[in-house]
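Here is how the chains run, residue by residue.
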Amino acid sequence: MDIGEACSRLRILLDEAVRGEKAEGVLLSGGLDTSIIALIASRHVKDLKAFTVTLEGCDEDLKYAKKMAKFLNIDHKVHYFSEQQLVEAASEAVSILAKSEYASDIPPHIKEGVIEGYTEAVGPTTLAPLYIAMRFAGSYVDSVYVGDGADELFLGYNSIVSFIDFIGANSDEPFGASFIADFEQELSSRVFQAYDLRYPYMLAKSLDLEVKAPYLTLEVSEFARKLPAEHKVRSEGGRAWGKWILRKAFEEYLPKKIVWREKTTIDRGTGSITPLILR
């Protein structure tokens with residue numbers, strides 16, 4: 001499958017995922033993943049609401065989320081949380097994930113992706129701001145879209161991008177190409193299985209909130225896992241980018257600053273990482 005075909009198929013699958021399970025709102029960070037979901041949802045959901053949360057005094061994600069909400073002309077709700085509220089949310093979120101009663105809505109293929117002793121639990125610096133965002137959204141709507149899964153499926157994490165870029169830059173061309181080709185399918189599966197992706201479903205369940213995760217639908221996840229690594233990590237403008245195929249698929253539909261925004265994790269984008277680490 002060439003790049004053009006892959007981009008077209010990806011747009012179709014994501015559109016079907018968003019349209020097939022509609023939500024009233026979207027958690028919007030202003031990053032690539034949630035901006036794509038917000039773009040598609042704005043075409044299908046009347047009066048779509050976007051929700052952004054951030055630590056008081058931090059605007060890393062917020063400034064991009066505001067740009068995106070204005071670009072789509074959608075209702076944008078913003079919530080500022082304190083350090084104390086963040087710490088309390090972290091404790092609550094970790095406690096929720098330990099309770100099996102909140103696991104009933106997890107799709108079977110997500111459950112099957114968890115491998116005992118290999119899959120890594122998501123940390124509180126990620127869980128806390130997501131839990132706060134879901135709780136905030138739940139005061140306005142009964143269902144929300146989230147962007148979880150895109151980094152795992154399309155190799156968005158900076159460490160993986162750097163690794164693949166290093167292999168390509170420091171190997172003889174035949175060896176580098178052969179090496180990438182040999183492990184690309186395993187790499188995608190390994191990354192997908194390395195992170196426990198049950199958490200958005202469990203956090204939402206605890207709040208009586210319906211969560212829709214388009215990237216984690218069976219159709220999108222299977223398509224993504226079959227894509228070669230060279231479609232996911234590639235150089236553009238003199239540097240290597242993760243989620244390259246996602247960027248290319250939507251570069252004509254989103255602002256350039258959103259499409260080519262560097263990967264910023266939720267804990268850094270919301271300002272959550274420093275207060276929780278210092279605790």
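Description of the structure in this document. (Residues numbered from 1 in each chain as written. Predicted model: local features only at pLDDT ≥ 70, side-chain atom pairs only at ≥ 80, totals over all residues. Heavy atoms only, no water.)

1. Section: the overall build of the chain
A tally of helices and strands in the chain yields 16 helices and seven strands. Look at the contacts in the chain between residues 6 or more apart in sequence, and 81% of them connect residues 24 or more apart. As presented, the chain carries roughly 13100 Å² of accessible surface, and 47% of it is formed by carbon and sulfur atoms. (Helix = DSSP H or I, 4+ residues; strand = E, 2+ residues; numbered from the N terminus. Contact = heavy atoms within 4.5 Å. Areas by Shrake-Rupley, 256 points an atom, 1.4 Å probe, with all protein chains shown as cover.)

2. Quick look at the packing of helix H4 (residues 83–97) against helix H10 (residues 199–206)
Contact pair H4 / H10: the axes reach a minimum separation of 9 Å and the direction vectors enclose 105°. As summarised for this structure, H4 and H10 are arranged roughly perpendicular, according to the angle between their axes. Here H4 contributes Ala-93, Ile-96 and Leu-97 to the contact with H10, which in turn contributes Tyr-199, Met-202, Leu-203 and Ser-206. A class-by-class count of the residues in the contact of H4 with H10 yields six nonpolar, one polar and no charged. (Axes fitted to C-alpha atoms, helices over the stretch in contact; angles between N-to-C directions. Parallel < 35°, antiparallel > 145°, perpendicular 65-115°, else oblique. Nonpolar A, V, L, I, M, F, W, Y, C, P; charged D, E, K, R; others polar.)

3. Examining the layout of surface pockets
Approximately 880 Å³ is the volume attributed to the largest pocket. Lining of the largest pocket is provided by 41 residues; of these, Thr-126, Asp-151, Lys-263, Thr-265 and Ile-266 occupy positions nearest its centre. When residues of the lining of the largest pocket are traced back to their parent elements, those giving at least two are helix H2 (32–44), strand E2 (49–55), helix H6 (124–138), helix H7 (150–153) and helix H15 (266–269). With four residues, H6 is the largest single contributor of residues to the lining of the largest pocket. Here the residues of the lining of the largest pocket are counted per class, giving 16 nonpolar, 12 polar and 13 charged. (1 Å grid on protein atoms, 1.4 Å probe; cavity = no way out; pocket = protein on both sides within 12 Å on 5 of 7 lines; lining within 4 Å. Points joined across faces, edges and corners; volume = space filled by probe spheres on them.)

4. Some thoughts on the side chain of His-109
Counting through the fold element by element, His-109 comes out in helix H5 (residues 108–112). Exposure remark for His-109: the relative accessible area of 18% places this residue in the buried category. One polar contact links the side chain of His-109 to the main-chain carbonyl oxygen of Leu-216, over a distance of 2.6 Å. Residues within four places of His-109 in sequence aside, it is in contact with Leu-216, Thr-217, Leu-218 and Ser-221. (Buried < 20%, exposed > 50% of the residue type's maximum accessible area, 1.4 Å probe, protein only. Polar contact = N/O pair within 3.5 Å; in protein donor to acceptor, adjacent residues only side chain to side chain.)

5. Some points on the packing of aromatic side chains
Under the defined criterion, the tally for this structure stands at six aromatic pairs. Members of the aromatic cluster, connected to one another through ring pairs, are Phe-51, Phe-136 and Tyr-140. Taking NZ or CZ as reference, Arg-234 lies 4.4 Å from the ring centre of Trp-244, over its face. (Phe/Tyr/Trp six-rings, centres within 6.5 Å; stacked < 30°, edge-to-face > 60°. Lys NZ or Arg CZ within 6 Å of the ring centre and 35° of its normal.)

6. What about H6?
In this model, H6 (15 residues) spans 20 Å end to end at C-alpha, consistent with the 21 Å of a helix rising 1.5 Å per residue. Most of H6 is tucked away, with 11 of its 15 residues classed as buried. Turning to H6, its buried residues number three or more, namely Thr-125, Leu-127, Ala-128, Pro-129, Leu-130, Tyr-131, Ile-132, Ala-133, Met-134, Phe-136 and Ala-137. (Expected span 1.5 Å × (residues − 1).)

7. Here we look at the pairing of strand E3 (residues 75–81)
Pairing between E2 and E3: seven bridges, direction parallel. Looking at the pairing, Leu-55 lines up with Phe-81 of E3. This β-α-β element, E2 to helix H3 (residues 60–72) to E3, shows right-handed connectivity. (Pairing = 2+ DSSP bridges. Right-handed = clockwise from strand over helix to strand, strands pointing away.)

8. Concerning the pairing of E2
With respect to burial, E2 is a largely interior element, six of its seven residues being buried. Sheet topology note: the strand E1 (residues 25–27)/E2 ladder contains three bridges and is parallel. Note that in E2 the partner of Leu-27 across the bridge is Phe-51. A crossover links E1 with its parallel partner E2, the connecting element being H2, and its sense is right-handed.

9. Here we look at the environment of Gly-25
Of note, Gly-25 is situated in strand E1. Judged by its relative accessible area of 0%, Gly-25 falls in the buried class. As for Gly-25 and Ser-42, which are separated by 17 residues in sequence, their C-alpha atoms are 9.6 Å apart. Residues within four places of Gly-25 in sequence aside, it is in contact with Leu-48, Lys-49, Phe-51, Ser-143, Val-144 and Tyr-145.

10. Looking at the sheet that holds E1
The strand order across the open sheet formed by five strands is E3-E2-E1-E4-E5, and the pairing between neighbours is parallel. Here the strands that pair on one side only, and so sit at the sheet edges, are E3 and strand E5 (210–212). Averaged over all pairs of adjacent strands, the angle between strand axes in this sheet comes to 30°, irrespective of strand direction. Packed on one face of the sheet, H2 meets E1 and strand E4 (143–145) and runs near 170° to E1. In the packing of H6 onto the sheet, the strands contacted are E1, E2, E3, E4 and E5, and the crossing angle to E2 comes to about 140°.

11. Thoughts on the nonpolar core
In this structure, Leu-14, Leu-27, Ile-36, Met-134, Phe-154, Leu-246 and Phe-250 are the most contacted members of the largest nonpolar core, which totals 84 residues. Element by element, the count of residues in this core is highest for H6, at nine residues. For Ile-36, the contacting residues outside a window of four places in its chain are Leu-14, Tyr-215, Leu-246, Phe-250 and Leu-254. Among the nonpolar cores identified, the runner-up in size contains seven residues, and Tyr-157, Ile-160, Val-161 and Ala-229 belong to it. (Core = buried A, V, L, I, M, F, W, Y, C linked by side-chain atoms within 4.5 Å.)

Function-wise, these values are silent; they only describe arrangement.
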